[in-house]
Amino acid sequence: VKEVRFGVIGCGAIHSTHCKALQAIDQAVLAGVYDVEPERANAAAEAFGVPAFGSLDEMFDAVDAVNLCVPSGLHSEVGIRAAKAGKHVLGEKPIDVKLDRALRLVDTCKTEGVLLGTISQHRFAPEILKIHQMVKDGAFGKLLQCDVYVKWLRTQEYYDSGDWRGTYDLDGGCLLNQAVHTIDLAQWMMGGVDSVQGIVKTMNHNIEAEDTALAITQYSCGAFGVIQATTNAYPGFAERIEINGTEGSVIIEADYIKFLDVDADAANAGPYGKGIQSQPVGNTHTTGGEQLPQTDLWDVLHKSQIEDFKNAILEGREPRLPGREAVEPLRIILSIYESSKMGGRSVPIHEMASA
Ligand SMILES: NC(=O)c1ccc[n+]([C@@H]2O[C@H](COP(=O)([O-])OP(=O)(O)OC[C@H]3O[C@@H](n4cnc5c(N)ncnc54)[C@H](O)[C@@H]3O)[C@@H](O)[C@H]2O)c1
């Protein structure tokens, strides 16, 4: 039986999601873990019944692929070391927090002939995939708006839990750490972003990076949108995407369709459409399927993406979400930073100056 041996690098908050998934996936083996803090590696090793490696090189001798669960700004540095040792690299989101580093990681993996994947697990949610396909098929007619709302809560205690959190060099703020998931979904469903105008601010935390961001997005398809992201919203809300087109609308909350109405005959619905604006959107999602608790869904989605990466290695194909695609949400967010520095001027995401 062919199998892929994985090593998990970084044993903090997210590592157990990767370890659990790897131990549940056929033809995947969790070969061991590594952390710069040996006690963290030892605790993970004990929890999962696998070795804790004493160094990255020791791990590289024992694995075919690595899962990067280290602080975001170290993804490229550690990923490049793994790639140069001939190991496939599946990194956590975001791909990195600086564009030049992210591009170096993409290039190195290409040169070394190893696969690079970046986690964006919500792209694997069944109802997200359904809407992605509907948008592609033109079910919403001409696309006019796509709005992203990520109103989460993170306390100062959360930011104080790691030196890297909330720093520009290793983490970024609510855009790069939290909203990156939803920004990625929106740009993927809409077929890319051309430019952004934005403003970011640190309003209520003692951190370097932003805890609040507002942006206007101009999608390549011609639609407009807004992004609102914060880690200040007590008690914290499900992240939300709203898409409006000439023939339909969808509201997605936390990977579930909360509202969906498409009608190819919408143009004939009368001067006030269907009057839906006067009806509150209900609490239940429309598809009738069983809704998993959010934390269970997270495990399922990570497992789906890790399994696809394993299959890509065995089948000699690209993963469904190659790392280079994860450069797009990074460009969008860095362009919002740049726009904010210039007082909200429009920044074409492929021409931004800062790396
Ligand atoms: N996909 C998701 O939903 C999701 C959720 C949480 C975190 N993440 C991502 O996972 C990454 C880690 O986040 P976290 O919350 O687990 O952080 P964390 O601070 O809890 O854990 C990071 C771990 O990496 C270790 N580490 C630091 N430098 C290292 C190095 N050079 N080599 C090996 N180990 C090193 C630290 O000692 C720590 O144990 C981040 O990029 C974050 O964005 C993704």
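Use the structure listed above.
Computed from a predicted structure; not experimentally measured.

Caption draft 1: Representation of the sheet that holds strand β10 (residues 240–245) within the structure. Taken together, eight strands build an open sheet; the order of strands is β12-β11-β10-β6-β9-β8-β7-β13 and the sheet is mixed. Looking at the sheet topology across the chains shown, the edges are occupied by β12 (256–262) and β13 (347–348). Sheet contacts for helix α6 (residues 126–136): β6 (143–151), β10, β11 (248–253) and β12; angle to β12, the most-contacted strand, approximately 25°. Its contacts with the sheet put helix α8 (residues 174–190) on β6, β7 (193–201), β8 (212–219), β9 (224–230), β10 and β11, and the angle it makes with β6 is roughly 160°.

Caption draft 2: Up close: the site of the ligand. Every one of the 25 residues lining the ligand counts as a neighbour, but A13, D35, R40, S72 and K93 are closest to it. At 2.8 Å, a backbone N or O of A13 approaches an oxygen atom of the ligand. Take K93: an N or O atom from its main chain is 2.8 Å from an oxygen atom of the ligand. The protein chains hide 86% of the 840 Å² of surface that the ligand would expose on its own. For the shell around the ligand, the residue count by class is 12 nonpolar, seven polar and six charged.

Caption draft 3: Representation of unusual backbone geometry within the structure. Following K93, the chain continues into P94 via a peptide bond in cis, with omega recorded as -15°. Here P94 lies in the loop between β4 (88–91) and α5 (99–112). Phi is positive for Q27, close to 65°, though the residue is something other than glycine. On the secondary structure map, Q27 appears in the loop between α1 (15–24) and β2 (28–34).

Caption draft 4: Region of interest: the sheet that holds strand β1 (residues 4–9). The five strands lie next to each other as β2-β1-β3-β4-β5, forming an open sheet whose pairing is parallel. Looking at strand neighbours, the two that pair on one side only are β2 and β5 (116–118), the edges of this open sheet. Recorded for the sheet is a direction-independent mean angle of 20° between the axes of neighbouring strands. Relative to β5, β4 runs parallel, the two sharing three bridges. Across the sheet, V89 pairs through a bridge with L116, a residue of β5. Against the sheet, helix α4 (residues 75–84) touches β1, β3 (65–68) and β4, its axis set at about 175° to β3.

Caption draft 5: Broad picture of the environment of Q228. Summarising the element assignment, Q228 is placed in strand β9. With a relative accessible area of 27%, Q228 lands in the partly exposed category. Sequence spacing of Q228 and A179 is 49 residues, and the spatial spacing of their C-alpha atoms is 8.7 Å. When residues no more than four places from it in sequence are discounted, the contact partners of Q228 are V148, Y149, V150, K151, A213 and L214.

Cut-offs used in this document
- Residues numbered from 1 in each chain as written.
- Predicted model: local features only at pLDDT ≥ 70, side-chain atom pairs only at ≥ 80, totals over all residues.
- Heavy atoms only, no water.
- Pairing = 2+ DSSP bridges.
- Helix = DSSP H or I, 4+ residues; strand = E, 2+ residues; numbered from the N terminus.
- Contact = heavy atoms within 4.5 Å.
- Axes fitted to C-alpha atoms, helices over the stretch in contact; angles between N-to-C directions.
- Near = heavy atom within 4 Å.
- Polar contact = N/O pair within 3.5 Å; in protein donor to acceptor, adjacent residues only side chain to side chain.
- Areas by Shrake-Rupley, 256 points an atom, 1.4 Å probe, with all protein chains shown as cover.
- Nonpolar A, V, L, I, M, F, W, Y, C, P; charged D, E, K, R; others polar.
- Buried < 20%, exposed > 50% of the residue type's maximum accessible area, 1.4 Å probe, protein only.

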